[in-house]
Amino acid sequence: MARAAIDVVAEVGVEKLTHRRVAAAAGVPLGSTTYYFKTLDDLLASALRQAADDDVEHLRTWAAGLDAGGDLAEALAELVLHYLGPARAQTAVEHQLYIAALHRPALQHVSQEWDTALADLFAGYTDAGTGRALSVLFCGWQLQGIVREQLPERREVEASFRRQLGR
């Protein structure tokens with residue numbers, strides 16, 4: 001049902017998510033969603049956790065394919081542009097779910113866990129402080145990029161990662 005909730009958020013937004021819409025999207029009786037998810041916050045937390053897990057898995061696959069002697073700034077810029085290009089719709093819904101934690105304290109721990117997983121992944125190529133800074137920069141590019149019509153310039157994105165990496 002978490003994936004159905006993600007689909008509903010993608011279609012109508014977080015504020016219009018209902019048990020009824022998720023049940024319809026999942027093809028299950030309404031009672032199934034209310035049985036497993038007592039509140040909408042429970043349902044949103046499940047969707048957010050699924051989105052975070054999917055994203056972290058995608059990033060781990062990406063990281064596994066990195067060339068050991070490759071250019072990390074270039075690879076990160078390419079990844080940002082992927083999230084804002086071919087994966088734009090997915091990026092937008094992930095950020096909607098993440099930002100829902102602003103007004104729903106029950107979601108904050110899931111968003112924070114996602115932040116930590118991303119920082120830890122990037123720290124595997126640098127150090128803990130730089131990994132955290134790279135994750136903030138990475139997410140910032142995504143957040144700004146999904147509200148703009150044009151993609152940022154590759155060279156600008158890459159240069160920002162180079163500055164953070166001290167290269």
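This text follows the structure it describes.
Enquirer: Quick rundown of the nonpolar core? Include the residues and the values.
Expert: Within the largest apolar cluster, 24 residues are counted, with the highest numbers of intra-cluster contacts made by V9, L17, V22, L44, L97 and L107. Where this core is concerned, the elements lending two or more residues are α1 (2–12), α4 (40–64), α6 (88–99) and α7 (105–123). Among the elements that take part in this core, α4 stands out by supplying eight residues, more than any other. Setting aside its immediate chain neighbours within four residues, V9 contacts V14, L17, L44, V93, Q96 and L97. Counting 22 residues, the second-largest nonpolar core is a separate cluster that includes W62, A73, L79 and F138.

Enquirer: Residues and numbers for the packing of helix α8 (residues 128–146) against helix α9 (residues 154–165), please.
Expert: Two numbers describe how α8 lies on α9: the axes approach to 10 Å, and their chain directions differ by 165°. Relative to α9, the element α8 lies roughly antiparallel. The two elements α8 and α9 meet at a crossing, and its hand is right-handed. Across the interface between the two elements, T130, A133, L134, L137, F138 and W141 of α8 pack against E156, V157, S160, F161, Q164 and L165 of α9. Each residue belonging to the contact of α8 with α9 can be placed in one class, and the counts come to eight nonpolar, three polar and one charged.

Enquirer: An account of the pattern of salt bridges is requested, with residue identities and associated values reported.
Expert: Considering all chains together, one arrives at five salt bridges under this definition. Residues D54 and R3 are paired through a salt bridge, measuring 2.5 Å at the closest nitrogen-oxygen approach. Here R3 lies in helix α1 and D54 lies in helix α4, a separation of 51 residues in the sequence. Since its relative accessible area comes to 49%, R3 is described here as partly exposed. Among the salt bridges present, the one from R162 reaches D71, with a minimum N-O distance of 2.4 Å. A residue pair is termed long-range when its members are at least 10 positions apart, and R162 in helix α9 and D71 in the loop between α4 and α5 (72–84) qualify at 91 residues. Classification of R162 as partly exposed rests on a relative accessible area of 22%.

Enquirer: Which residues make up the environment of R155, and what values go with them?
Expert: With respect to the element layout, R155 can be found in helix α9. Taking C-alpha positions, R155 is 8.8 Å from E74, a pair spaced 81 residues apart along the chain.

Rules used throughout
- Residues numbered from 1 in each chain as written.
- Predicted model: local features only at pLDDT ≥ 70, side-chain atom pairs only at ≥ 80, totals over all residues.
- Heavy atoms only, no water.
- Core = buried A, V, L, I, M, F, W, Y, C linked by side-chain atoms within 4.5 Å.
- Buried < 20%, exposed > 50% of the residue type's maximum accessible area, 1.4 Å probe, protein only.
- Helix = DSSP H or I, 4+ residues; strand = E, 2+ residues; numbered from the N terminus.
- Contact = heavy atoms within 4.5 Å.
- Axes fitted to C-alpha atoms, helices over the stretch in contact; angles between N-to-C directions.
- Parallel < 35°, antiparallel > 145°, perpendicular 65-115°, else oblique.
- Left-handed = near helix turned anticlockwise from the far one by under 90°.
- Nonpolar A, V, L, I, M, F, W, Y, C, P; charged D, E, K, R; others polar.
- Salt bridge = Lys/Arg side-chain N within 4 Å of Asp/Glu carboxyl O.

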